Amino acid sequence: MDKGNLPFGCIMTGPDDIILLEGENTVITEERCIAHCEINLIRQLSSRIEPHFLENCTLYVSTEPCAMCAGAIYWSGIGTVVYALGKDAYHKIAGTSEPAHLLQVPAKELFHHGGREVVVLGPLLEEEAAACYEKWTKATR
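Cut-offs applied
Residues numbered from 1 in each chain as written. Predicted model: local features only at pLDDT ≥ 70, side-chain atom pairs only at ≥ 80, totals over all residues. Heavy atoms only, no water. Pairing = 2+ DSSP bridges. Helix = DSSP H or I, 4+ residues; strand = E, 2+ residues; numbered from the N terminus. Axes fitted to C-alpha atoms, helices over the stretch in contact; angles between N-to-C directions. Parallel < 35°, antiparallel > 145°, perpendicular 65-115°, else oblique. Left-handed = near helix turned anticlockwise from the far one by under 90°. Contact = heavy atoms within 4.5 Å. Nonpolar A, V, L, I, M, F, W, Y, C, P; charged D, E, K, R; others polar. Buried < 20%, exposed > 50% of the residue type's maximum accessible area, 1.4 Å probe, protein only. Polar contact = N/O pair within 3.5 Å; in protein donor to acceptor, adjacent residues only side chain to side chain. Core = buried A, V, L, I, M, F, W, Y, C linked by side-chain atoms within 4.5 Å. Arc of directions from axis to C-beta.

Time to look at the pairing of strand β2 (residues 19-24). By the bridge criterion, five bridges tie strand β1 (residues 9-13) to β2 in an arrangement that is antiparallel. Residue pairing in the sheet places M12 in a bridge with L21 of β2.

Bringing the packing of helix α2 (residues 37-46) against helix α4 (residues 67-76) into the picture now. Pairs of packed helices are described in terms of their axes, by the angle between the two and the distance that separates them. Where α2 contacts α4, the two axes come as close as 9 Å, and the packing angle between them is 25°. With respect to α4, the element α2 is oriented roughly parallel. As for how α2 packs across α4, the hand of that crossing is left-handed. Here E38, I39 and I42 of α2 lie close against α4, whose contacting residues are M68, C69, A72, I73 and S76. Taken together, the residues of the contact of α2 with α4 break down into six nonpolar, one polar and one charged.

Looking now at the sheet that holds β2. Read across the sheet, five strands follow the order β2-β1-β3-β4-β5 without closing on themselves; strand pairing throughout is mixed. Here the strands that pair on one side only, and so sit at the sheet edges, are β2 and β5 (119-121). Averaged over all pairs of adjacent strands, the angle between strand axes in this sheet comes to 15°, irrespective of strand direction. Where strand β3 (residues 58-63) lies against strand β4 (residues 80-85), five bridges are found, and the strand directions are parallel. Pairing of T63 across the sheet is with L85, part of β4. Its contacts with the sheet place helix α7 (residues 126-140) against β3 and β4, and it is angled at close to 60° to β4.

Now for the environment of E126. For E126, the position within the fold is in helix α7. A relative accessible area of 29% means that E126 is categorised as partly exposed. On a C-alpha basis, the gap between E126 and P106 in space is 16 Å, while along the polypeptide they are 20 residues apart. If near-sequence neighbours (up to four positions away) are discounted, E126 is found in contact with A84, L85, G86 and A89. From its side chain, E126 meets the backbone nitrogen of G86 in a polar contact 2.9 Å long.

This paragraph deals with the nonpolar core. Residues M12, L41, L59 and F111 are the most contacted members of the largest nonpolar core, which totals 35 residues. Only β1, α2, β3, α4, β4, α5 (87-94), α6 (107-112) and α7 provide two or more residues apiece to this core. With near-sequence residues (within four places) excluded, L59 lies in contact with C10, I11, M12, E38, L41, I73, I78, T80, V81 and V82.

For α5, the full list of buried residues reads K87, Y90, H91, I93 and A94. Taken end-on, α5 shows its buried residues confined to a sector of 160°, consistent with a single buried face. In α5, the exposed positions angled more than 90 degrees off the buried face are occupied by D88 and K92. For α5, the elements touching its buried residues are β3, α4, β4, α6 and α7. A positive phi of about 70° marks G95, the residue just after α5.

This is the structure:
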């Protein structure tokens, strides 16, 4: 947020729970509509780590991944996704009402249609995450 972007972030941990990389949303500062935190992290990670290694990694995300990011997560080979704030709760806080800004496919449902398992845990700590987004929303209005 301090850099002028939307408050979305993620971290990737390896099988030993050591943080491998952090990702942040850069949609506004890079003027790229696909520069979501998950996409940025996967782009950096994919050139350095073999896909089979990612099966044993966990991606922790501030909000439930959108359909685009869920697709990238699936194709990258990441094995587990943990998120704090669910889509519905986020859209309620953000006041998202423009139909063109909604693609309400839950990440878990999208992964269910794939040929490999992606474990999804969330929403977790949703009240705490909601408080962060509510603070951001108030500051930007």
